[in-house]
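# Summary of the model geometry
Each chain is listed here by its residues.
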Amino acid sequence: MQAGSSTIDPKEVAKFEQSAQDWWGGIKNSPLHKLNPVRLDYIVRHVCAQFDRDPRAPKPFSGLDIVDVGCGGGLLAEPMARLGAKVTGIDPSPANIEVSTGHAAESGLVIDYRCAAAEDLASERALFDVVLSMEVVEHVTDVEAYIAAAAALVKPGGLMFLATLNRTMKSFALAIVGVEYVLGWLPRGTHEHHRFVKPRELADALMAAGLTIKDETGVVYNPLTDRMRLSRDMDVNYMMLAERPAR
């Protein structure tokens, strides 16, 4: 991967290098562990509907090729593999790839982890049934260029899932002040508010890349249950689902 060939921001990568060993434990990645169940339910429901799979089957994703772009420590890649998919996980951080590879081996899972960017796979003309881009777009240098590269990986009839943060005053108060400064769930400076992406901006980039928006939903935190849930409120966290039309 040559310098300047991707939308990767080295400063953003460095932030996650510092906490690479915390992916599978520790407070630094607590928000992602809280997000994971609701993200998984959302992915499973829509993938099974798209590809006519029974979500109650032992391995409903069998035969599907899935790539997790910005895979981190493998929090989503591993469940995808357990569901039967052939999984590729890419991340620009060598430390993250080392952690994810080691954890997959300990878990007895076969996942193709690579230190790479979406642009690298796009240049190889790699195609997948499902592309995951969760909590990535708020860390890239150019959202439109990144979306174009990631969307190029989606097969005709395939899906792309995205999760990110809305650029609102509410998200500044909750996702930055609350999470980083008050609760201390993430290191201070993990997020920069000006990098957050409004749903309309994300949808426009996806449509410009040839995808069709299928669904969007907010994700909110309930402090009483200490759990995340889907919501109509997209002011802070939200997910978006897009499809490449079948030929």
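Everything below is about the structure shown above.
All of the points below concern the structure found in this document. None of the values given here were measured: they were computed from a predicted structure. (Residues numbered from 1 in each chain as written. Predicted model: local features only at pLDDT ≥ 70, side-chain atom pairs only at ≥ 80, totals over all residues. Heavy atoms only, no water.)

Another point: the pattern of salt bridges. A complete count under the given rule lists 14 salt bridges for this structure. Arginine 195 serves as the salt-bridge partner of glutamate 192, at 3.8 Å between the closest nitrogen and oxygen. Judged by relative accessible area, which is 30%, glutamate 192 ranks as partly exposed. The exposure class assigned to arginine 195 is buried, which follows from its relative accessible area of 17%. Here aspartate 204 and arginine 200 are joined by a salt bridge, their closest N and O atoms 3.1 Å apart. Linking aspartate 204 with arginine 200, this pair stays in helix H8 (residues 199–208), spanning four residues, or about one helical turn. Salt bridges linked by common partners bring Asp9, Glu192 and Arg195 together as one network. (Salt bridge = Lys/Arg side-chain N within 4 Å of Asp/Glu carboxyl O. Buried < 20%, exposed > 50% of the residue type's maximum accessible area, 1.4 Å probe, protein only. Helix = DSSP H or I, 4+ residues; strand = E, 2+ residues; numbered from the N terminus.)

The next point concerns the side chain of histidine 191. Along the chain, the position of histidine 191 falls in the loop between helix H7 (169–182) and H8. If sequence neighbours within four positions are ignored, histidine 191 has contacts with Glu138, His139, Leu165, Ile176, Glu180, Leu186 and Phe196. (Contact = heavy atoms within 4.5 Å.)

Working note: regular strand, side chains alternate between the two faces of the sheet. Alignment of strand S2 (residues 86–91) against strand S3 (residues 112–115), held across four bridges, turns out to be parallel. Bridge assignment links isoleucine 90 to a residue of S3, and that residue is arginine 114. A crossover links S2 with its parallel partner S3, the connecting element being helix H4 (residues 94–106), and its sense is right-handed. (Pairing = 2+ DSSP bridges. Right-handed = clockwise from strand over helix to strand, strands pointing away.)

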